[in-house]
Every structure is written in structure tokens, then in C-alpha cells.
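Commentary on secondary and tertiary structure
For reference, the chains in residue letters:
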Amino acid sequence: MHKDSKRREALLYHAKPTPGKIQVVPTKKYATQRDLALAYSPGVAEPCLEIEKDVNNVYKYTAKGNLVAVISNGTAVLGLGDIGPEASKPVMEGKGLLFKIFADIDVFDIEVDTKDVEKFIETVKNIAPTFGGINLEDIKAPESFEIERRLVEELNIPVMHDDQHGTAIISAAALLNAVELAGKKMEEVKVVVSGAGSAAIACANLYVSFGVKAENIVMFNSKGALRKDDPNISEMQRKYATDRKIDSLGDAMKGVDVFIGLSSGDIVTPDMLLGMNDNPIVFAMANPRPEINYDLAIATRKDIIMATGRSDHPNQVNNVLGFPFIFRGALDVRATKINEEMKKAAVVALAELAKASVPEQVNIAYGETKLAFGRDYIIPKPFDPRLIAEVPPAVAKAAMDSGVATAPITDWDKYRDELLERMGSDNKMVRLLINRAKTDPKKVIFAEADHLDVLKAAQIVKEEGIGEPILLGNKETILELKEEIGFDEDVTIIDPKTKDEEERRNRFANAYWESRRRRGTSLLDAQKWMRERNYFAAMMVNEGEADALVTGYSRSYPTVVKPMLELIPKQQGVTRIATTNMMMTKRGPIFLADTAINPNPSAEDLARIALMTAKTVRMFGMEPVIAMVSFSNFGSSSDESAVKIRKAVDILHENHPDLVVDGEIQTDFALNQEMLASKFPFSKIANKKVNTLVFPNLDAANITYKMLKELNKVMSIGPIMLGLDKPVHIFQLGASVEEMVNMAAVAVVDAQEKEKRLKQSLNK
């Protein structure tokens, strides 16, 4: 983008439609005079009196516990320098935005108009009662050292100067992994640090705490290597001063293992890199121009492990990996400070997370085919959704272990769930589903495995231990795609059209013909159909050569469902197949049915759909609470559609009295417990949280689930097939990799359930 265009875009972003990037949003009702009387006078007096009795009640009745101040005097802003408090405000607002979107922490940005250390400290101390934590930002060294030291000592809430410690924490995590990949030891590596400001000192101090020897670090400022005989260096810098004769940066880099750049762009040459030891580790973190260009560095040394501060290169050392989650953990145990133990816990959590399998949504977000621990992936990506569930608990635990937590956590599983819910990522049911599949993995056919996204889903299923994929499609294409995405695991690949499969095709054709010969199907037709992968795959499941089947990525739903209904028998007692979608909403999982098969089911059909959906809800470990929804409430309309729902409910009440189901009822009443209990207290679902909605027709169900998915970005698992005798499930056309992995897990769990029921029936 042209420089002028960038400038214009940046200014418009900050100016329109409302100036700035953050706002205050009420968290309580305020529509009525009564609401306002509670929010302010006279009702507000009650919490005030409670806090006066016990100051810790401030966390119970106010927003203090989730409120951080981002405070600066604008003396060292980004790459802009001393631009003053007002000019620094866009940066502080931006920091507040990052706190909110990454860790759900509210922020007030505070710009202080003083360069006097004592006045700055006094100002922060005077406003500290407002906040649960203090994030110091863009304050120049050496003043920043003294300001942070004093505030940490004199306040009883977490204080951190992110410019010092953020880069240190993230780069330390990267360094731990880089040293491991290089086959070296922290105690033995020799390090050159270009830069001697607050971030450089904090980095060096943290590296030392992880084993790097201070005598193995050489630090440079703008005048050259720090020397012990230089009276102008600070006491903090003196720890890394040398008495060796070092004439230049190039001289210092000869025979070293690690270069840490926190200075200015283009100061490192290819010759300097060539002088470093084998497997050199280079963190060129000057921004926007690193100390050496990334492409030039990797062209110079094939064995280099490199990180930068830029998002357009691998291994971005980005402070957003640290500060939101460190403060989140500190706030959640009401820590009195952020100490070294908490910082080190964040380092270890980040380093370990980089070694775990990467979720597909992270690959998609960063345009990667497959991220995996290695030279180009030594630290997690900023948009990795696992950060919120991994780093804060590590920090919180370290706070507890080191004695600075005043509200310890006792239920860590619950805490992690709460963290995920903060980010609108209530994946509890998905985790349950995946973990359950892993307990007894099954053989799952991926019928369209010569499509890249389908193959990536199969790879995740294999690598995560969810199931054992069987790949159908063009074998040559599948092998090429496997190599492209690094899918090295041995899996079965079958191309139904090849001569190698002739015997199996004929065997399947005979079995299919036997079942369909009195319904207009000839043996020749059967043989022809068995060349089609969906027919072939369905017969593999029928004949016990696979446990489950997923398909539908590349073809319309009706096209794919046809062979399944022809080949796969219904479960005993089932007269009509249906589907349900599990929607991961903010209020928890909600099942919708029927979302894909039956255009206008009868009352009897709706009763059966409700029963099959209830069985699926139980498969996910939940007890079904079912609302049979309509435009009508309990007899308020005599329209045919409402009467049909009413009749279905009557059937269910008479034949399945233990099932918690009711209707006909409007959706808002079904989902609003207070409204329902108030207006229809007689209902079987009154005072219960509805988790299943059965709709009167396909139009209503399909429109609702797709609207939720697109407008609210609600995760959907489904359509889950109901009523088939075998675990066969069909993707929506163009499903995402994540959706296909989840559906494969559904297929595995479905296979487990069907196997369990078969064993139970045989044992009777």
C-alpha cells in the first residue's frame, strides 16, 4: 500500500465513525427510573457502606477486579520517542483494545503530564484505588526502572511496565525453544544484545533466570559495548558490562550462539551472521526494520533460527502474547504484585504451547498449510485461542505458590472454562466430544480425501487420536496433498475406481443388488454405482470394513444423502430419518431439529424427531429439555401448523412422560426462563434451561441454524444424522476443516454408542 494511502487509512480508522478506539459500556440495566435509582442515588449507598466496612468488598460490588489502568507520560512512544501525553493517547487506547479482545480486561487509559519521577509515582499511587492492576507504558529509561520499582513496592495491586517485561517474557519463551532446537544448553550459550534500554536489561535478566550466564552476555548501546570502566552506564547496565576489548558489533558476534536485537534496523550484516556458531539464534526485534532483513538472513544461513517483531515473518515476538494473559491470571487471584515467579510461569506456558498441535483455525488465520513446532514456529501465534486457557492459569498458580495471591483458585477446570467463556469460546462440549472420541478411536472413512481441506481434517483426526482415517479418492492426488501438508502418518488410501478394487467393488455390488433387486436395481446398475465413492464408502460401513463415514464436502446435501438413505438401513423402530445441529451459543449448546431432511413432518414425525434428538443430546452428556416451537403459545392459535405441534407434544406426554418436553411455544418464551415461568408456570419446561428446539418444518429449522451461524458467528456441529443404523454423517457443502473434524468426532462417538447398544442387546 502507498505511504499516503496508509496514512489516510490509519487516520480514518481512528477518526470514524467515532473518534478513538474504546468506550465505556454499562453492564447493568438502566432503562427505568428504578434502575437509575439503584445505579446511583439512593441505591448506590448500600454497596458504599459495605465497602466502608470491609475494603475488599470493592471487588464484590465494583468493576475494580477486572479494570486495568494503562498509564504513560508519552516520553518513549513506539518508534516516535518523546511526543507527550496527548499524542500518546491513541497508543494507550490501542493497548486497552488489546487487553479487552485478548483477555476480556477493561481498561481506562491515563496520560500523565509530567516527566518528574516523584510526581508520576504520586499520581499513580493516588489513583490506584480505582484499579485492579497498573500497566505502565512508553516511559523512557532510566526513569521507567525507578517508577516501576517504587510502584511495585508501594502498591498492593499488580504493576508491570510492559515495555520492559513483555518483550522479555515472549523472547525468553522463544529462546528456550530455539536453544532446544539448536541442540544447545542455556547455561552454555553466548549472547550478544544490541540495545541497553529497559527492554534489553529486562530480557537479559530473565534469560539469566533461565540459566544463561551473565558473563556470557555482551550488551551494546549506541556507543558500543558496555564497559565496566565506563562511569556513564547505569547500575542495572553494569551487570552486563565487559572488560574485554571489543571494537565492534561484528567483533562481538564472532563465535556466539545468540543475537538479541532491540536497537535499530539494518545494523547486522551477512558477514556477522557467518561468524556466529552453528545453528545461530537471531532475534532481530527492531520494528518496523529488523536489525537484519529476514529474507537476507535466511538466505545467508540455512541453519538459522530467526525471530522478528514483524507479523509478516515467522516467529513474531509480539507482546500481546504476554501482557493480557499475565494480567488476567494476576487479577483472577487478586495478586498483590506481578513477581518474577509469575513472569517465568508465563514464559514456560508459552514455550510449551508452541510444542502442542496447532488448531486449524490458527493455520487459517495465518494462511499456513500446517504450523508445527520447529525453526519457523518457536512461539505461539497471537490469535491462538488456547492462550487464554493456558497462560493465565500458569500465572495464577505461580502467584499462589509464591504467596502473593489473596483469592486463590481451587477448581482449575472450572477456571479454564470461565476463561474460554470470557472470549465467547464456550468449547466445553466440543472438548467433551473430542475427548470422548479419543477414548476409543474408530475407523472413519473420509470419502472426499483428494480435497485439501478434507485431507487436513483427516490429518487432525489421525494426529489427535480422534479416529483412524480411511482416505477415499484419487491415490496420486492424495499422496501429493499429504506431502504438501506434512501428513506423514501411514493411513489406508482407497481409490474405488481402480482395478485393484475390482474384487471388492463386485462383492459390494452383489450385496447392494441383493438388497435392491426387487426395487428396480439391476446388477449392472449396482456395479456401476460401486465406482462412486459415496456408494462404495457406505458399503464399506455396511460390510464392517469401516466403523463410520463422513462425506458431503464437495457436493450438495440432497445428492449425498440419497445413496446413504438407499444403502444404510434405519435403526430398529425408526420410520423416518432426521438431522440435528448443535449450536454453540453464548447461553450454552442448543440442539435444533430437523435441519436438513424433512420439509413438512407430521405430528407423529415430529414426536419421533424429538425422541431421536433427545437421544443425541444424551450422547453429549446432557439431559434434554425440549421446546416444540411455533408462532403460537399453548393453544393460542388453531392454525394447522400450531395444531400439529400440539398433537406431537400430546403424543410425547402420553408415551414418554419422563421426557422433559413441552409446546407449542414461541421461541422467546422457550429460551427466557423468567418469561416462561411467569406466563406459563404449568409448563413441563418452566424453570428449566431449554437446550433443544424442535421446529414445525425444515424451512424454520434450516433458516434458524444458518442465521445463528452467520449473524452471530455461532459454531455449528452438524447436521448430525438421526435414525440410521450406522454412523454416517454428512457435511454441509464447503464445510470448514474445524467443522469436519468435529463431525468426524461425532461419527466416532456415534460408532461407540452403537457398538455399546449392540453389546447390550446381545447380552440380554
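Report on the accompanying structure. Going along each chain's sequence as written, the residues are numbered from 1 onward. With pLDDT at 70 or above as the cut-off, local features in this predicted model cover only qualifying residues; side-chain atom pairs require 80 or more to be listed or tallied, and sums for whole chains, interfaces and linings still use all residues. Water and hydrogen atoms play no part in the side-chain values, which are based on all heavy atoms of the structure.

We call two strands paired when DSSP finds no fewer than two bridges between them. The numbering of helices and of strands both runs from the N terminus, where a helix is a DSSP run of H or I of at least 4 residues and a strand a run of E of at least 2. Across the sheet, four strands lie side by side as β2-β1-β3-β4; this open sheet has parallel pairing. For this open sheet the edge positions go to β2 (106-111) and β4 (159-161), each flanked by a neighbour on one side alone. For this sheet, the mean angle separating the axes of adjacent strands, direction not counted, is 20°. Here three bridges tie strand β3 (residues 133-136) to β4, and the two strands are oriented parallel to one another. From the neighbouring strand, Ile 134 faces β4, where its bridge partner is Val 159. Packing against the sheet, helix α6 (residues 117-127) makes contact with β1 (67-72), β2 and β3, and its axis sits at approximately 165° to β1. Axis definition: a line fitted to C-alpha atoms, limited for helices to the stretch in contact. Angles are taken between N-to-C directions and run from 0 to 180 degrees. Residue contacts are defined here by distance: any two heavy atoms, one from each residue, within 4.5 Å place the two residues in contact.

Bringing the pattern of salt bridges into the picture now. Salt bridge criterion: a side-chain nitrogen from Lys or Arg within 4 Å of a carboxyl oxygen from Asp or Glu. Scanning all chains against the criterion turns up 48 salt bridges. Two residues, Asp 266 and Arg 289, come together in a salt bridge whose shortest N-O distance is 2.4 Å. Of this pair, Asp 266 sits in the loop between β8 (258-261) and α12 (270-274) while Arg 289 sits in the loop between β9 (281-284) and α13 (294-300), placing them 23 residues apart in sequence. Judged by relative accessible area, Asp 266 falls into the partly exposed class, the value being 48%. Here Arg 386 makes a salt bridge to Asp 384, at a shortest N to O gap of 2.5 Å. Owing to a relative accessible area of 18%, Arg 386 belongs among the buried residues under this scheme. In this scheme, a residue with accessible area under 20% of its type's maximum is buried, one over 50% is exposed, and one in between is partly exposed, where area comes from a 1.4 Å probe on protein chains only.

Let us look at the packing of aromatic side chains. The criterion for an aromatic pair is that two Phe, Tyr or Trp rings (for Trp, the six-membered ring) have centres within 6.5 Å, with stacked assigned to planes under 30 degrees apart, edge-to-face to planes over 60 apart and tilted to the rest. Tallied over the entire structure, the rule returns eleven aromatic pairs. Ring geometry for Tyr 512 against Tyr 535: centres 6.1 Å apart, planes inclined by 65°, an arrangement best described as edge-to-face. You can see Tyr 512 sitting in helix α22 (residues 502-516) and its partner Tyr 535 sitting in helix α24 (residues 533-542), a full 23 residues away along the chain. Tyr 535 matches Tyr 512 in its accessibility class, with the two residues each being buried. Three or more aromatic residues joined by ring pairs make a cluster, and in this case those are Phe 634, Phe 669, Phe 680 and Phe 682. The ring centre of Phe 210 lies 4.9 Å from the NZ or CZ of Lys 344, which sits over that ring. Here, a charge over a ring is recorded when the distance from Lys NZ or Arg CZ to the ring centre is within 6 Å and its angle to the ring normal is within 35 degrees. The ring of Trp 529 carries the charged tip of Lys 562 above its face, separated from the ring centre by 5.7 Å.

To continue, consider the sheet that holds strand β10 (residues 305-308). If you walk across this open sheet you meet the six strands as β7-β6-β5-β8-β9-β10, and the pairing is mixed. Every other strand in the sheet has two partners, leaving β7 (224-225) and β10 as the edge strands with one partner each. Where β9 and β10 come together, four bridges link them in parallel fashion. Each bridged residue has a counterpart across the sheet, and for Ile 281 the counterpart in β10 is Ile 305.

Among the structural elements, Lys 688 can be located in the loop between α29 (673-679) and β19 (692-694). Separated by 16 residues in sequence, Lys 688 and Asn 672 have C-alpha atoms that sit 9.6 Å apart. If near-sequence neighbours (up to four positions away) are discounted, Lys 688 is found in contact with Val 625, Val 660 and Gln 673.

The next thing to look at is the pairing of strand β20 (residues 715-722). Taken across its eight residues, β20 has seven buried, putting it largely inside the fold. In this structure, strand β15 (residues 578-585) lies alongside β20, joined through six bridges in antiparallel fashion. Counted as the bridge partner of Met 584 is Met 715 from β20.

This part takes up a negative patch on the surface. Exposure above 30% relative accessible area and no salt bridge define the residues that can form patches, which grow by joining like charges within 9 Å and nonpolar side chains of Val, Leu, Ile, Met, Phe, Trp and Tyr within 5 Å. Calculation of accessible area relied on Shrake-Rupley with a 1.4 Å probe; when residues are assessed, cover is drawn exclusively from the protein chains displayed. When charges are counted, Lys and Arg are positive and Asp and Glu negative, with His and the chain ends excluded. Charge positions come from single atoms, namely NZ of Lys, CZ of Arg, CG of Asp or CD of Glu. On the surface, Glu 476, Glu 480, Glu 483, Asp 488, Glu 489 and Asp 490 cluster together to form a negatively charged patch. Within the secondary structure layout, Glu 489 lies in the loop between α21 (475-485) and β13 (492-494).

As for its position among the elements, Asn 339 is in the loop between α14 (323-332) and α15 (340-353). Two N or O atoms count as a polar contact when they lie within 3.5 Å, although within protein this holds only if one can serve as hydrogen donor and the other as acceptor, and sequence-adjacent residues are included solely when both atoms are side-chain atoms. Among the polar contacts made by the side chain of Asn 339, one reaches the side chain of Ser 402 at a distance of 2.9 Å.

Working definition of a nonpolar core: buried Ala, Val, Leu, Ile, Met, Phe, Trp, Tyr and Cys residues. They are joined through side-chain atoms within 4.5 Å. Grouped together as the largest cluster of nonpolar side chains are 83 residues, with contacts concentrated most on Met 219, Ile 281, Phe 283 and Met 342. With nine residues, the single largest contributor to this core is helix α8 (residues 162-181). Discounting residues that sit within four places of it in the chain, Phe 283 has contacts with Ser 171, Ala 174, Leu 175, Ala 178, Phe 259, Ile 260, Gly 261, Ala 307 and Ile 378. Val 541, Val 694, Met 721 and Leu 724 belong to the second largest nonpolar core, which has 52 residues in total.

Moving on: helix α27 (residues 640-655). An α-helix turns once per 3.6 residues; consequently, residues spaced three or four apart project the same way. Multiplying 1.5 Å by the residue count of a helix minus one yields the expected span of that helix. With 16 residues, α27 should cover 22 Å at 1.5 Å per step; its first-to-last C-alpha distance of 23 Å lies within 8% of that length. Listed in full, the buried residues belonging to α27 are Ala 642, Lys 644, Ile 645, Ala 648, Val 649 and Leu 652. Each buried residue of α27 sits inside an arc of 160° when the element is viewed along its axis, so together they form one side. With respect to the buried face of α27, the exposed residues turned more than 90 degrees away are Glu 640 and Glu 654. Contacts made by the buried residues of α27 are with α26 (603-619), β17 (625-629) and β18 (660-665). The N-terminus of α27 is capped by Asp 639, whose side-chain oxygen sits 2.9 Å from the backbone nitrogen of Ser 641. Picture the helix axis, draw a direction to every C-beta atom, and the arc is the one those directions span.

Relative to the assigned elements, Thr 27 resides in the loop between α1 (3-15) and α2 (33-39). Assessed through its relative accessible area of 70%, Thr 27 is described here as exposed. For the pair Thr 27 and Met 721, spaced 694 residues apart in the sequence, the C-alpha separation amounts to 40 Å.

Interaxial distance between α14 and helix α18 (residues 412-422) falls to 13 Å at its minimum, and their mutual angle equals 130°. Relative to α18, the element α14 is oriented oblique. For the pair α14 and α18, the crossing hand works out as right-handed. Across the interface between the two elements, Arg 328, Gly 329 and Asp 332 from α14 touch Tyr 415, Leu 419 and Arg 422 from α18. Amino acids are sorted into nonpolar (Ala, Val, Leu, Ile, Met, Phe, Trp, Tyr, Cys and Pro), charged (Asp, Glu, Lys and Arg) and polar (every other residue, Gly among them). Across the contact of α14 with α18, the residue classes tally to two nonpolar, one polar and three charged. Oblique is the label for every angle not falling under 35 degrees (roughly parallel), over 145 degrees (roughly antiparallel), or within 65 to 115 degrees (roughly perpendicular). Definitions for this section: a left-handed crossing has its near helix turned counterclockwise from the far helix by less than a right angle. A right-handed crossing has that turn clockwise.

A few words now on the side chain of Lys 754. Along the chain, Lys 754 falls in helix α31 (residues 737-763). On the accessibility criterion, Lys 754 (15% relative accessible area) is buried. Apart from the residues within four sequence positions on either side, Lys 754 is in contact with Gln 571, Leu 724, Asp 725, Lys 726 and Pro 727.

With that settled, consider unusual backbone geometry. Omega for the peptide link from Lys 16 to Pro 17 comes to -10°, which places this bond in the cis form. In the segment running from Gly 718 into Pro 719, the intervening peptide bond is cis, with an omega of 0°. Relative to the helices and strands, Pro 719 is located in strand β20. Backbone geometry places Asp 104, a non-glycine residue, at a positive phi of 55°. With respect to the element layout, Asp 104 can be found in the loop between α5 (85-103) and β2. Looking at Asp 104, the relative accessible area reads 17%, which means it is buried.

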